[in-house]
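Summary of the model geometry
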Number of protein chains: 2
Amino acid sequence: MEGTPLGDGPTINTIAERAGVSIASVSRVLNGLPTRRETERKVLAAAEELGYVRNAVARSLKSRRTHQVAFAMADIGNPAYLAMLREIQPVLKAAGYRLVLHSTDAVVADEIDVLHSLGERYVDGLIMSPLRVTDAHLESLAAARTPVVVIGSVPEGTRADNVRADSRTGVRLAVDHLHALGRRRIAMVNGPLDTVPGAARGAAYREALEELGLPYDDDLVQIGDFYRAEGARAVAELLARVPDVDALMCANDLIALGALDVLRASGRRVPDDVAVVGMDDTDLAAASWPSLTSVSLGSAERGKAAAELLLQRLRGDDSAPRLVTVPPRLVVRASTAGNRADGPYDRKEGGV
Amino acid sequence: MEGTPLGDGPTINTIAERAGVSIASVSRVLNGLPTRRETERKVLAAAEELGYVRNAVARSLKSRRTHQVAFAMADIGNPAYLAMLREIQPVLKAAGYRLVLHSTDAVVADEIDVLHSLGERYVDGLIMSPLRVTDAHLESLAAARTPVVVIGSVPEGTRADNVRADSRTGVRLAVDHLHALGRRRIAMVNGPLDTVPGAARGAAYREALEELGLPYDDDLVQIGDFYRAEGARAVAELLARVPDVDALMCANDLIALGALDVLRASGRRVPDDVAVVGMDDTDLAAASWPSLTSVSLGSAERGKAAAELLLQRLRGDDSAPRLVTVPPRLVVRASTAGNRADGPYDRKEGGV
DNA sequence: ATCGCTGCTGTAAACGTTTACAGGCAAGCC
DNA sequence: GGCTTGCCTGTAAACGTTTACAGCAGCGAT
């Protein structure tokens, strides 16, 4: 009635008592440090009987490592981030790290909070994918007390590894494709211009037209938000203004799905009347009707690269910040290429 | 040169020195306990200057609370689990808990590992959604040292809250719907029978036929796995064996998408020749071609309910285990109801 | 018999907090 | 003036580990 300390679960102390050795010996056995055969046996037996499990919190306090990594995604509903998550998770797991998931809903204050909370040291590192990068972000990044990898673009000189998509090239691939198909009234449906992807894709669209010798026309650009319903609304407006568009470059698969909805409702055929291209190449692109040509910005690859960069930092690498750029890829499907390939059945499509 | 202790970041000790008070006072100020005005001022000033942030690990060790909750999902690629995740995350966040994400890939050993690791006390509670529930699961559940909520079915008497879908009713809704449309050769494409959903849906299918007075025919049942490619393979086999089916009840949206692929490739029209119903009502169902009638098993609602149950436990409620059942809902779309409603544009579809 | 190894083992301090307890001090009362 | 009372404050222990250090036994060499 005086053996067990106080709490419920057995601790290293409980085992020490039971085995008749010191807590140091218990710890050593549990950590595989050299020990006499007999001591080891007693300790292991006691641990087994008691159903002992190491307390991760106490370990972390002493070792200053939590074996946890945070991933702060802007929008937990966006398939592009989910694709990253899917790749990040197994990489971390394989390296013995747990994943703490934050969804910031793209609210700047929330993202700053996450950065600030790194000081609480409940994680060893962070992967974050902000929609916007503000000065507040950069400030908090500079003050961060653990390694951070940013998926998205960050100014040169920032003290964080950086994994980027190349949406400029991505947009050009798509616009070139549409141009090659004979389209000349190519509109762009974009998200907010003060977001990183919004700005980059908008500029890239302009550049791509220029390179092709097509005129840039403000009327052909419509700004909405990165969601399906918003995309639909934006395309409806666009069609009202310029009924003769023959191609839509959408900044996002969700926007593109909204576009398909509206085009269908307006009686236009896709791709015969209007060709549609999305971006991100999410699962939805393959499943939609008609299946959606989409620019893959390598979400999965970016997630994986970010996780691997972070792991290197956690292993002690403190060389200069790195920059990894993942090349885009155009995945052609029915929404631009006619009806011959309207099903995704031909594509290798794994366990999704 | 002798002030700061050893590590890098400021601790409560650093503040105490700087402010010329004891660490107890610092702690009290930081926790809002009654303190003299002057002391409070000094402490807060010092904390501010030093950029102090509370160490979460040390706090957790003392308080025995980590403010973290784990969610163990069987398959991080499955939209049904993602729907749960999307609901769980904000509920936990609002209550001040962080989310630790585990993906077990439906491997039993991994799930047991997660349960076992609860003993490490790096989380205050767990929500898990196993595909199979084995004896090993039940054993580990019984030994779990923190509250656990299981999404899925668990035998009566298990020491865990339980949130269930009612797939029996769900299947019946679907089969009744198909029957009402005049279909009489209704096949079932199921996942493995040793999984909880597989077994439940298979049995429900049989019952539903019985209630309608339709004969049960082994030839009309095809077992595959819960993935798109597998579903396609299964449906191909089924069609070879019974070319005259006029309806497919698929245990899963992914299977149903595979079915659509194969039906299209075989020249059959949907729904004219063969009507198709999926289950889970994932995002894919609304986006597919033709849009997919699907039984919503309330993944989102289940996730939310699970999170709320767990929070109650964390607030100290230790009443008897609860059982929450979420009712299913049939969402009719083009794959059964003809072409009039082939687009999802009419449905309120938010930020996905 | 003494010395110095070698190889385990135990004691105690540390990680950064929270908190029970006791001490100090001013004010209020007789 | 001494006593109680109340309010703050500091000391120290605790949470459950890991680990530097010292101690001790056994053993071969001198």
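Rules of the game
- Residues numbered from 1 in each chain as written.
- Chains lettered and ligands numbered in written order.
- Predicted model: local features only at pLDDT ≥ 70, side-chain atom pairs only at ≥ 80, totals over all residues.
- Heavy atoms only, no water.
- Helix = DSSP H or I, 4+ residues; strand = E, 2+ residues; numbered from the N terminus.
- Rg over C-alpha atoms; globule rule 2.2 N^0.38 Å.
- Buried < 20%, exposed > 50% of the residue type's maximum accessible area, 1.4 Å probe, protein only.
- Areas by Shrake-Rupley, 256 points an atom, 1.4 Å probe, with all protein chains shown as cover.
- Lys, Arg positive; Asp, Glu negative; His and termini not counted.
- Charge placed at Lys NZ, Arg CZ, Asp CG, Glu CD.
- Pairing = 2+ DSSP bridges.
- Axes fitted to C-alpha atoms, helices over the stretch in contact; angles between N-to-C directions.
- Contact = heavy atoms within 4.5 Å.
- Least-squares fit on C-alpha atoms with pLDDT ≥ 70 in both.
- Salt bridge = Lys/Arg side-chain N within 4 Å of Asp/Glu carboxyl O.
- Phe/Tyr/Trp six-rings, centres within 6.5 Å; stacked < 30°, edge-to-face > 60°.
- Lys NZ or Arg CZ within 6 Å of the ring centre and 35° of its normal.
- Parallel < 35°, antiparallel > 145°, perpendicular 65-115°, else oblique.
- Left-handed = near helix turned anticlockwise from the far one by under 90°.
- Nonpolar A, V, L, I, M, F, W, Y, C, P; charged D, E, K, R; others polar.
- Buried area = accessible area lost by both parts, 1.4 Å probe.
- Polar contact = N/O pair within 3.5 Å; in protein donor to acceptor, adjacent residues only side chain to side chain.
- Domains from an automatic or database assignment.
- UniProt positions renumbered as here; feature names shortened; annotations may be inferred.

Per an unreviewed UniProt entry, chain A goes by the name LacI family transcriptional regulator and belongs to Nonomuraea maritima.

**Focus on the overall build of chain A**
The number of helices and strands found in chain A is 14 helices and 12 strands. For 352 residues, the compact-globule formula gives about 20 Å, and the C-alpha radius of gyration of chain A, at 26 Å, lies well above that figure. Along the first, second and third principal axes, the C-alpha atoms of chain A reach 85 × 45 × 30 Å. Counting only residues that meet the buried cut, chain A has 53% of its 352 residues in that class. Per element, the accessible surface of chain A, about 15,100 Å² overall, is 50% carbon and sulfur. Each charge sign in chain A was given a centre, from 42 positive and 47 negative side chains, and these centres are 7 Å apart.

**A few points about the sheet that holds strand β9 (residues 275–279) of chain A**
Residue and element names in this part refer to chain A. Taken in spatial order, the six strands make up an open sheet running β7-β6-β8-β9-β10-β12, and their pairing is mixed. Unpaired on one side and paired on the other, β7 (221–223) and β12 (329–331) mark the two borders of the sheet. Taken over all neighbouring pairs, the strand axes of this sheet differ in orientation by 20 degrees on average, direction set aside. Sheet analysis places β9 next to strand β10 (residues 293–296), joined by three bridges and oriented parallel. Of the residues in β10, the one forming a bridge with V277 is T293. This element, helix α9 (residues 196–212), spans β6 (186–190), β7 and β9 of the sheet and lies at about 170 degrees to β6. In the packing of helix α11 (residues 253–265) onto the sheet, contacts are made with β6, β8 (247–250), β9 and β10, and the angle to β9 comes to roughly 155 degrees.

**With respect to the relation of the copies chain B and chain A**
You can overlay chain B on chain A at an RMSD of 0.1 Å; the transform is a turn of 180 degrees with a shift of 0.0 Å along its axis. Those values place the two copies in the arrangement expected of a two-fold rotation axis. In this assembly, 100% of the residues forming the interface of chain B have copies in chain A that are likewise at the interface, indicating an isologous arrangement.

**A word on the pattern of salt bridges**
Applying the stated criterion to the full structure yields 38 salt bridges over all chains. Note that B:R18 is salt-bridged to B:E49, the shortest N-O span being 2.4 Å. Within this pair, whereas B:R18 is found in helix α1 (residues 12–19), its partner B:E49 is found in helix α3 (residues 37–50), the two being separated by 31 residues in sequence. When its relative accessible area of 54% is taken as the criterion, B:E49 is described as exposed. Put simply, A:D161, A:R313, A:D317 and A:R322 are held in one network by salt bridges that share partners.

**Considerations on the packing of aromatic side chains**
Under the definition given, this model contains two aromatic pairs over all chains. Between A:Y205 and A:Y216 the ring centres are 6.2 Å apart and the planes differ by 65 degrees, which places this aromatic pair in the edge-to-face class. Residue A:Y205 is located in helix α9, and its partner A:Y216 is located in the loop between α9 and β7; the two are separated by 11 residues in the primary sequence. The positively charged end of A:R98 is found above the aromatic ring belonging to B:Y122, 3.7 Å away from the centroid. Cation over ring: A:R206 sits above A:Y216, and NZ or CZ is 4.0 Å from the ring centre.

**A short note on the packing of helix α1 (residues 12–19) of chain A against helix α3 (residues 37–50) of chain A**
All names here are of chain A. α3 packs onto α1 with a crossing angle of 120 degrees between their chain directions and a minimal axis gap of 9 Å. The angle between α1 and α3 falls in the class oblique. For the pair α1 and α3, the sense of crossing is right-handed. The segment α1 lies against α3, with T14, I15, R18 and A19 engaging K42, V43, A46, A47, E49 and L50. Residues that form the contact of α1 with α3 fall into these classes: six nonpolar, one polar and three charged.

**As for the interface of chain B and chain A**
On the chain A side, the residues contacting the 60 residues of chain B number 61 residues. Between chain B and chain A, the buried area comes to about 5,100 Å², and carbon and sulfur atoms account for 62% of it. For the pair chain B and chain A, the number of links is four salt bridges. Between B:E120 and A:R98 there is a salt bridge, and its shortest N-O distance comes to 3.9 Å. Taken together, the links from chain B to chain A amount to 13 residue pairs in polar contact (both at pLDDT 80 or more). Listing elements by their share of the side of chain B that touches chain A, those giving two or more residues are α4 (56–63), α5 (79–94), β2 (98–103), α6 (108–117), α10 (228–241), α11 (253–265) and α12 (283–287) of chain B. Split by residue class, the side of chain B that touches chain A holds 27 nonpolar, 16 polar and 17 charged.

**A closer look at the domain arrangement of chain A**
Taken domain by domain, chain A holds domain 1 (12–54), domain 2 (65–166 + 299–321) and domain 3 (167–296 + 330–346). Placing the centre of domain 1 of chain A and that of domain 2 of chain A at their C-alpha centroids yields a distance of 38 Å.

**Describing the UniProt feature "domain: HTH lacI-type" (unreviewed entry) in chain A**
As recorded in UniProt, the sites labelled "domain: HTH lacI-type" (unreviewed entry) are residues 10–63 of chain A. Across residues 10–63 of chain A one finds 70% helix and 0% strand; the C-alpha atoms that close the span lie 21 Å apart.

**Focus on unusual backbone geometry**
What is expected of a backbone is that most residues other than glycine have negative phi and most peptide bonds are trans. Residue and element names in this part refer to chain A. With omega at 10 degrees, the peptide bond leading from V270 into P271 counts as cis. Tracing the backbone through its elements, the reader meets P271 in the loop between α11 and β9. For R64, which is not a glycine, the phi torsion comes out positive at approximately 60 degrees. Along the chain, the position of R64 falls in the loop between α4 (56–63) and β1 (68–73).

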